Structures are given as structure tokens and as C-alpha cells.
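# Observations on chain architecture
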Amino acid sequence: IKYTIVDKETCIACGACGASCPDLFAYDDEGISYVLLDDNQGISSVDEDFYDDLEDAADGCPTQSIKVSYEPFDGDPLKHE
Ligand code: F3S
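Reference entry: report on the structure contained in this document. No experiment lies behind these values; they were computed from the predicted model shown.

Calculation rules
- Residues numbered from 1 in each chain as written.
- Predicted model: local features only at pLDDT ≥ 70, side-chain atom pairs only at ≥ 80, totals over all residues.
- Heavy atoms only, no water.
- Salt bridge = Lys/Arg side-chain N within 4 Å of Asp/Glu carboxyl O.
- Helix = DSSP H or I, 4+ residues; strand = E, 2+ residues; numbered from the N terminus.
- Buried < 20%, exposed > 50% of the residue type's maximum accessible area, 1.4 Å probe, protein only.

## Section: the pattern of salt bridges
Scanning all chains against the criterion turns up three salt bridges. A salt bridge links Asp-28 to Lys-8; the nearest nitrogen and oxygen atoms lie 3.4 Å apart. Of this pair, Asp-28 sits in the loop between strand E2 (25-27) and strand E3 (33-35) while Lys-8 sits in the loop between strand E1 (3-6) and helix H1 (16-20), and the two are 20 residues apart along the sequence. For Asp-28, a relative accessible area of 25% puts it in the partly exposed group. By relative accessible area, Lys-8 is classed as partly exposed at 35%. Between Lys-67 and Glu-81 there is a salt bridge whose closest N-O contact spans 2.9 Å.

Right, dumping it as C-alpha cells:
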């Protein structure tokens, strides 16, 4: 089981994640990314079908703003760092 969340403090609105994985990531009015599943709380498990795209998105983010963990984030992107 995997969870994901965007660190909106460090996202620079580059737009790569939504291109890699439009099912998981969308952008707010300022172009900052968030996780669609649970309004960026990192508490809803990611469907296995999206694991490859999620990995691409996390690897492709220039600011390492996409966090992935086997444990839920409870709304805190830095919870597991
Ligand atoms: Fe932001 Fe990284 Fe996506 S900078 S728009 S979270 S690829």
C-alpha cells in the first residue's frame, strides 16, 4: 500500500507531475499541485495501477515535492522525513 502527498511549500508549479500522472495530480489556481484522491491529505491509498506513473511523477519532480510512503501522511508532507 502506498500513499502520496505534494509538499505545496516547495512545489514550483512546473507541471510535470500532472503530465506523468493526471489521475493522481491536479493543480490549484496558482498551478501548485495537489493529490486528487484525498485533497492532498496523503491518507487514501494509491491504486496499484498508478504505481508506475506515481514513481515517474516523483522521480520527475525537480523539487522533490512529491512524497511517497507506505504509511499515511495525515496531511503532513514532511511526516516521514
Ligand atoms: Fe510541483 Fe513537482 Fe508537480 S514542482 S507541479 S509537484 S512536478
